[in-house]
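For reference, the chains in residue letters:
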Amino acid sequence: MKLNIEHSTHYRYAQQVQRSTQYLRLTPQNSRHQRILSWQLTLPEHAVRTTDAFGNVLHVLTLDEPHQAITIQAQGVVEIEDDVDDLALGHLSPLVFLRYSPLTQPDAAIQAFALRYHQPQAVLAGLERLMGELLLKMPYSPGATQVTDSAVDAFATGSGVCQDHTHVFLACCRSLNIPARYVSGYLYSEDSTHVATHAWAEAWVEDRWHSFDITNNTRLPNQHLKLAVGIDYLDACPVRGMRLGGGCEDMRTVAAVQMMPAGQ
(Lines give C-alpha, C1' and ligand atoms only; values in the text may rest on other atoms or scores of the structure.)
Protein backbone atom coordinates (compact mmCIF):
# COMPACT_ATOMS: atom_id res chain seq x y z
CA MET A 1 0.00 0.00 0.00
CA LYS A 2 1.35 3.40 -1.01
CA LEU A 3 0.37 6.38 1.15
CA ASN A 4 0.60 10.13 0.58
CA ILE A 5 1.00 12.12 3.79
CA GLU A 6 0.46 15.85 4.28
CA HIS A 7 0.90 17.32 7.73
CA SER A 8 0.80 21.00 8.66
CA THR A 9 1.25 22.63 12.08
CA HIS A 10 0.57 26.34 12.46
CA TYR A 11 1.34 28.42 15.55
CA ARG A 12 -0.01 31.94 16.04
CA TYR A 13 0.81 34.09 19.07
CA ALA A 14 -1.00 37.04 20.66
CA GLN A 15 2.29 38.95 20.94
CA GLN A 16 5.68 38.77 19.32
CA VAL A 17 7.87 35.83 20.26
CA GLN A 18 11.43 36.99 20.80
CA ARG A 19 13.02 33.60 20.21
CA SER A 20 11.80 30.03 19.78
CA THR A 21 13.11 26.51 19.25
CA GLN A 22 11.08 23.65 17.80
CA TYR A 23 12.10 19.99 18.02
CA LEU A 24 10.68 18.14 15.02
CA ARG A 25 10.37 14.37 14.81
CA LEU A 26 8.61 14.50 11.48
CA THR A 27 10.89 12.38 9.31
CA PRO A 28 10.25 8.62 9.02
CA GLN A 29 12.98 6.08 8.36
CA ASN A 30 13.17 3.06 6.08
CA SER A 31 12.56 -0.38 7.55
CA ARG A 32 11.11 -3.75 6.58
CA HIS A 33 7.69 -2.29 7.30
CA GLN A 34 7.96 1.03 5.45
CA ARG A 35 9.87 2.34 2.45
CA ILE A 36 10.22 6.11 2.12
CA LEU A 37 9.78 7.06 -1.55
CA SER A 38 9.89 10.82 -0.99
CA TRP A 39 9.80 13.11 2.03
CA GLN A 40 10.33 16.81 2.63
CA LEU A 41 9.90 19.39 5.36
CA THR A 42 8.92 22.99 4.57
CA LEU A 43 10.14 25.26 7.36
CA PRO A 44 10.50 29.03 7.87
CA GLU A 45 14.27 28.68 8.41
CA HIS A 46 16.99 26.08 7.98
CA ALA A 47 16.86 23.39 10.68
CA VAL A 48 19.75 21.32 11.98
CA ARG A 49 19.25 17.60 11.33
CA THR A 50 20.53 15.14 13.90
CA THR A 51 19.57 11.88 15.65
CA ASP A 52 18.13 11.83 19.15
CA ALA A 53 18.91 9.38 21.96
CA PHE A 54 16.29 6.90 20.71
CA GLY A 55 17.56 6.86 17.12
CA ASN A 56 14.80 9.11 15.75
CA VAL A 57 15.53 11.66 13.03
CA LEU A 58 15.37 15.03 14.81
CA HIS A 59 15.32 18.49 13.24
CA VAL A 60 16.02 21.46 15.52
CA LEU A 61 14.45 24.67 14.21
CA THR A 62 15.63 27.87 15.91
CA LEU A 63 14.09 31.28 15.13
CA ASP A 64 16.19 34.12 16.57
CA GLU A 65 14.19 37.00 15.07
CA PRO A 66 10.88 38.25 16.55
CA HIS A 67 7.85 36.48 15.05
CA GLN A 68 4.14 36.00 15.68
CA ALA A 69 3.52 32.85 13.62
CA ILE A 70 5.26 29.61 12.62
CA THR A 71 4.18 27.15 9.94
CA ILE A 72 5.74 23.68 9.78
CA GLN A 73 4.85 21.31 6.96
CA ALA A 74 5.76 17.70 6.18
CA GLN A 75 4.85 15.89 2.99
CA GLY A 76 5.85 12.58 1.48
CA VAL A 77 5.02 9.25 -0.09
CA VAL A 78 5.63 5.97 1.75
CA GLU A 79 5.06 2.35 0.79
CA ILE A 80 3.76 0.12 3.59
CA GLU A 81 4.39 -3.63 3.67
CA ASP A 82 1.41 -5.61 5.02
CA ASP A 83 1.77 -7.88 8.07
CA VAL A 84 5.37 -6.87 8.66
CA ASP A 85 6.54 -5.32 11.94
CA ASP A 86 9.58 -3.09 12.11
CA LEU A 87 12.17 -5.51 13.44
CA ALA A 88 14.97 -2.96 13.75
CA LEU A 89 16.46 -3.37 17.23
CA GLY A 90 17.92 0.12 17.43
CA HIS A 91 21.08 0.97 19.31
CA LEU A 92 19.50 0.93 22.77
CA SER A 93 18.92 -2.09 24.94
CA PRO A 94 15.21 -2.92 25.26
CA LEU A 95 15.75 -2.69 29.03
CA VAL A 96 15.79 1.10 28.65
CA PHE A 97 12.06 0.86 27.99
CA LEU A 98 11.37 -0.60 31.42
CA ARG A 99 11.88 2.87 32.89
CA TYR A 100 8.84 4.71 34.14
CA SER A 101 8.24 8.38 33.42
CA PRO A 102 5.76 10.79 35.05
CA LEU A 103 3.35 10.06 32.17
CA THR A 104 3.67 6.26 32.46
CA GLN A 105 4.08 5.68 36.21
CA PRO A 106 1.46 3.09 37.25
CA ASP A 107 -0.59 3.22 40.43
CA ALA A 108 -2.10 0.29 42.32
CA ALA A 109 -5.18 0.22 40.05
CA ILE A 110 -3.10 -0.06 36.87
CA GLN A 111 -0.83 -2.69 38.40
CA ALA A 112 -3.82 -4.79 39.46
CA PHE A 113 -5.37 -4.45 36.00
CA ALA A 114 -2.15 -5.57 34.32
CA LEU A 115 -1.76 -8.59 36.60
CA ARG A 116 -5.33 -9.69 35.88
CA TYR A 117 -4.47 -10.45 32.25
CA HIS A 118 -0.81 -11.46 32.58
CA GLN A 119 0.01 -14.91 31.20
CA PRO A 120 3.67 -15.73 32.00
CA GLN A 121 3.62 -18.79 29.73
CA ALA A 122 1.89 -16.94 26.86
CA VAL A 123 2.98 -13.33 27.16
CA LEU A 124 1.79 -12.17 23.72
CA ALA A 125 -1.64 -13.70 24.17
CA GLY A 126 -1.92 -12.05 27.58
CA LEU A 127 -0.95 -8.64 26.21
CA GLU A 128 -3.42 -9.01 23.35
CA ARG A 129 -6.20 -9.72 25.82
CA LEU A 130 -5.06 -6.81 28.00
CA MET A 131 -5.22 -4.54 24.94
CA GLY A 132 -8.82 -5.50 24.21
CA GLU A 133 -9.92 -5.18 27.83
CA LEU A 134 -8.19 -1.81 28.14
CA LEU A 135 -10.13 -0.43 25.18
CA LEU A 136 -13.37 -1.65 26.77
CA LYS A 137 -12.44 0.01 30.06
CA MET A 138 -11.26 3.22 28.33
CA PRO A 139 -13.39 3.85 25.20
CA TYR A 140 -11.99 6.26 22.63
CA SER A 141 -13.36 9.68 23.58
CA PRO A 142 -11.79 12.86 22.10
CA GLY A 143 -11.80 15.72 24.57
CA ALA A 144 -12.07 13.54 27.67
CA THR A 145 -8.43 14.12 28.60
CA GLN A 146 -5.71 16.74 28.20
CA VAL A 147 -2.35 16.26 26.46
CA THR A 148 -0.63 16.62 29.86
CA ASP A 149 -2.67 13.86 31.54
CA SER A 150 -0.74 10.85 32.81
CA ALA A 151 -1.62 7.17 32.54
CA VAL A 152 -3.02 7.32 36.07
CA ASP A 153 -5.22 10.32 35.18
CA ALA A 154 -6.58 8.71 32.02
CA PHE A 155 -7.17 5.30 33.63
CA ALA A 156 -9.13 6.94 36.44
CA THR A 157 -11.16 8.96 33.92
CA GLY A 158 -12.10 5.77 32.09
CA SER A 159 -11.78 7.18 28.58
CA GLY A 160 -9.24 8.88 26.35
CA VAL A 161 -7.51 9.01 22.99
CA CYS A 162 -4.64 7.07 21.43
CA GLN A 163 -2.03 8.86 23.55
CA ASP A 164 -3.84 7.87 26.75
CA HIS A 165 -4.40 4.27 25.63
CA THR A 166 -0.70 3.97 24.81
CA HIS A 167 0.48 5.48 28.09
CA VAL A 168 -1.70 3.12 30.15
CA PHE A 169 -0.58 0.11 28.10
CA LEU A 170 3.07 1.09 28.62
CA ALA A 171 2.48 1.46 32.36
CA CYS A 172 0.90 -2.02 32.41
CA CYS A 173 3.74 -3.62 30.47
CA ARG A 174 6.50 -2.05 32.52
CA SER A 175 4.75 -3.03 35.77
CA LEU A 176 4.95 -6.63 34.46
CA ASN A 177 8.67 -6.18 33.68
CA ILE A 178 8.01 -6.18 29.93
CA PRO A 179 9.92 -3.48 28.00
CA ALA A 180 7.54 -1.30 26.00
CA ARG A 181 7.91 1.91 24.03
CA TYR A 182 5.71 4.72 22.73
CA VAL A 183 5.36 5.09 18.95
CA SER A 184 4.17 8.20 17.14
CA GLY A 185 3.19 8.29 13.50
CA TYR A 186 0.32 8.32 11.04
CA LEU A 187 -2.62 6.03 10.43
CA TYR A 188 -4.49 5.53 7.17
CA SER A 189 -8.26 5.13 7.49
CA GLU A 190 -11.02 5.02 4.91
CA ASP A 191 -13.02 7.20 7.28
CA SER A 192 -11.99 10.77 6.39
CA THR A 193 -13.08 12.01 9.85
CA HIS A 194 -10.49 9.77 11.55
CA VAL A 195 -7.51 11.59 13.04
CA ALA A 196 -4.47 10.87 10.84
CA THR A 197 -1.79 11.46 13.48
CA HIS A 198 -1.63 8.46 15.77
CA ALA A 199 0.10 6.73 18.66
CA TRP A 200 0.54 3.07 19.53
CA ALA A 201 2.88 0.84 21.53
CA GLU A 202 5.56 -1.75 20.89
CA ALA A 203 6.36 -4.43 23.46
CA TRP A 204 9.57 -6.47 23.60
CA VAL A 205 8.60 -10.15 23.71
CA GLU A 206 10.52 -13.18 22.46
CA ASP A 207 13.51 -11.05 21.43
CA ARG A 208 11.66 -8.69 19.10
CA TRP A 209 9.30 -5.71 19.09
CA HIS A 210 5.57 -6.38 18.60
CA SER A 211 3.03 -3.67 17.72
CA PHE A 212 -0.07 -3.01 19.84
CA ASP A 213 -2.51 -0.38 18.59
CA ILE A 214 -4.85 -0.22 21.56
CA THR A 215 -7.20 2.37 20.07
CA ASN A 216 -7.93 0.11 17.08
CA ASN A 217 -7.49 -3.16 19.02
CA THR A 218 -5.00 -4.56 16.52
CA ARG A 219 -1.48 -5.95 16.44
CA LEU A 220 -1.17 -5.52 12.68
CA PRO A 221 0.54 -2.25 11.64
CA ASN A 222 -0.74 -2.55 8.06
CA GLN A 223 -2.00 1.04 7.90
CA HIS A 224 0.59 2.61 10.17
CA LEU A 225 3.57 4.81 9.34
CA LYS A 226 6.09 5.14 12.17
CA LEU A 227 7.77 8.48 12.86
CA ALA A 228 9.47 8.15 16.24
CA VAL A 229 9.74 6.08 19.42
CA GLY A 230 10.41 6.94 23.05
CA ILE A 231 9.63 6.35 26.70
CA ASP A 232 6.41 8.36 26.34
CA TYR A 233 4.65 11.05 24.28
CA LEU A 234 7.17 13.76 25.15
CA ASP A 235 10.04 11.74 23.63
CA ALA A 236 8.25 10.92 20.37
CA CYS A 237 5.73 13.68 19.61
CA PRO A 238 6.12 15.11 16.08
CA VAL A 239 6.42 18.77 17.17
CA ARG A 240 7.55 20.08 20.54
CA GLY A 241 9.05 23.46 21.33
CA MET A 242 9.82 26.32 23.67
CA ARG A 243 9.66 30.08 23.28
CA LEU A 244 10.45 33.39 24.91
CA GLY A 245 7.46 35.76 24.92
CA GLY A 246 4.39 35.56 22.72
CA GLY A 247 1.60 35.52 25.30
CA CYS A 248 -1.33 33.26 24.44
CA GLU A 249 -0.76 30.61 21.77
CA ASP A 250 -3.10 29.20 19.15
CA MET A 251 -1.92 25.94 17.54
CA ARG A 252 -3.72 24.26 14.66
CA THR A 253 -2.68 20.93 13.17
CA VAL A 254 -4.04 19.35 10.01
CA ALA A 255 -2.88 15.92 8.84
CA ALA A 256 -4.14 13.84 5.94
CA VAL A 257 -3.14 10.30 4.91
CA GLN A 258 -4.43 9.15 1.53
CA MET A 259 -3.97 5.85 -0.29
CA MET A 260 -2.52 6.35 -3.74
CA PRO A 261 -4.09 4.50 -6.70
CA ALA A 262 -2.30 1.36 -7.87
CA GLY A 263 0.36 2.11 -10.46
CA GLN A 264 1.24 5.57 -9.15
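Residues numbered from 1 in each chain as written. Predicted model: local features only at pLDDT ≥ 70, side-chain atom pairs only at ≥ 80, totals over all residues. Heavy atoms only, no water.

Peer 1: Got a minute to help me understand the packing of aromatic side chains in this structure?
Peer 2: In this description, a pair of aromatic rings is defined by centroid distance and the angle of the planes. Here the structure, examined in full by the defined rule, presents 9 aromatic pairs. On the numbers, 6.5 Å between centres and 40 degrees between planes, the contact of W39 with Y186 is tilted. In this pair, W39 sits in strand β2 (residues 34–42) while Y186 sits in strand β6 (residues 180–187), placing the two residues 147 residues apart along the sequence. For Y186, a relative accessible area of 1% translates into the label buried. Relative to W209, the ring of W204 lies with its centre 5.2 Å away and its plane at 70 degrees, an arrangement referred to as edge-to-face. An identical accessibility class is assigned to W204 and W209; each is buried. Members of the aromatic cluster, each reached through a chain of ring pairs, are F54, F97, W204 and W209. R181 extends its terminal NZ or CZ atom over the ring of F97, reaching a point 5.9 Å from the ring centre. The ring of W209 is capped by R181, whose NZ or CZ atom sits 4.0 Å from the centre of that ring. (Phe/Tyr/Trp six-rings, centres within 6.5 Å; stacked < 30°, edge-to-face > 60°. Helix = DSSP H or I, 4+ residues; strand = E, 2+ residues; numbered from the N terminus. Buried < 20%, exposed > 50% of the residue type's maximum accessible area, 1.4 Å probe, protein only. Lys NZ or Arg CZ within 6 Å of the ring centre and 35° of its normal.)

Peer 1: Explain the sheet that holds strand β7 (residues 197–205) to me, please; I cannot follow it from the model alone.
Peer 2: Strands in a sheet are paired, the pairing made by backbone hydrogen bonds, and the direction either parallel or antiparallel. The strand order across the open sheet formed by 4 strands is β8-β7-β6-β9, and the pairing between neighbours is antiparallel. Every interior strand has two partners, whereas the edge strands, β8 (208–212) and β9 (224–230), have only one. Taken over all neighbouring pairs, the strand axes of this sheet differ in orientation by 35 degrees on average, direction set aside. Both β6 and β7 contribute to a ladder of 7 bridges, which runs antiparallel. Note on β7: the bridge partner recorded for S184 is A199. Contacts from helix α2 (residues 123–137) reach β7 and β8, with the element oriented near 20 degrees to β8. (Pairing = 2+ DSSP bridges. Axes fitted to C-alpha atoms, helices over the stretch in contact; angles between N-to-C directions. Contact = heavy atoms within 4.5 Å.)

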